[in-house]
Amino acid sequence: MSSTTSKLLTLIISAFTIMQITSAGDPDILTDFIAPIGTKVDATFFTFTGFRALLPPNPPPSAFKVLKASKAEFPALDGQSVSYAALVFPAGKINPPHTHPRSAELLFLAAGSLQVGFVDTTNKLFTQTLQTGDMFVFPKGLVHFQFNSDTQKPALAFSAFGSANAGTVSIPNTLFNTTIDDNVLALAFKTNVATIQSLKKGLAS
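All values derive from a computational prediction rather than experimental measurement. (Residues numbered from 1 in each chain as written. Predicted model: local features only at pLDDT ≥ 70, side-chain atom pairs only at ≥ 80, totals over all residues. Heavy atoms only, no water.)

A short note on the pattern of salt bridges
Point 1. Following the criterion strictly, the structure yields 2 salt bridges and no others.
Point 2. Between D42 and K40 there is a salt bridge, with its nearest N and O atoms 3.8 Å apart.
Point 3. Judged by its relative accessible area of 29%, D42 falls in the partly exposed class.
Point 4. Owing to a relative accessible area of 66%, K40 belongs among the exposed residues under this scheme. (Salt bridge = Lys/Arg side-chain N within 4 Å of Asp/Glu carboxyl O. Buried < 20%, exposed > 50% of the residue type's maximum accessible area, 1.4 Å probe, protein only.)

A word on the sheet that holds strand 3 (residues 94-99)
Point 1. Reading across from one edge, 6-5-8-3-10 is the order of the 5 strands in this open sheet, with antiparallel pairing throughout. Each edge of the sheet is formed by a strand with only one pairing partner; in this case those strands are strand 6 (125-130) and strand 10 (169-170).
Point 2. As paired elements, strand 3 and strand 8 (residues 143-147) share 3 bridges and run antiparallel to each other. Opposite H98, over in strand 8, you have H144 as the bridge partner. (Pairing = 2+ DSSP bridges. Helix = DSSP H or I, 4+ residues; strand = E, 2+ residues; numbered from the N terminus.)

With respect to the environment of L114
Point 1. Mapping L114 onto the fold places it in strand 5 (residues 114-119).
Point 2. Using a relative accessible area of 1% as the deciding quantity, one classes L114 as buried.
Point 3. Linking L114 and Q131, residues 17 residues apart in sequence, is a C-alpha distance of 6.8 Å.
Point 4. Every residue in contact with L114, bar those within four places of it in the chain, is listed here: F89, L109, Q128, T129, L130, Q146, F147, N148, A155 and A157. (Contact = heavy atoms within 4.5 Å.)

Fair warning: the whole summary comes from geometry, so function is off the table for now.
Below, the structure is given as structure tokens:
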């Protein structure tokens, strides 16, 4: 095989690999819907009532809270490549940096204001201040955050995902609330073990 042919094959293989990565997502199903074995399938199966917790007389939360309507909470979503979340931000609260490995996130701000942003793979930060009625998209798999900088008013947002199970990887918890060795983290962040242990203690409290 000539070197030119070899290079061409390498490029083709690389192109197919990229296509497979970029098209990764929920698998297509061969039925109208999927229901767990033994489940009674009627209109109730396709109805989710979990967001009623957002309405009076339920008291507003004192800390940031996420109400999810994903496959785990709403089994009718299995195979439908869609899910939803309500994000409740008391005044001054944050949704810490995190990623969704299986979906982009389309956020709609229903009340209040939010500072939002994400970092792309070149480490470029994109930030925006959203007002009520605005939408913002967080590309699939990229680290992003939302912050209610208003110290007086709460904020409420709804996020749609192109997966029934988008997944959430919290950056602070993944790094400092798991069993990654303190020495590894100290070297990675160019600090000392005592600082790492202090960060871990703060997350545990």
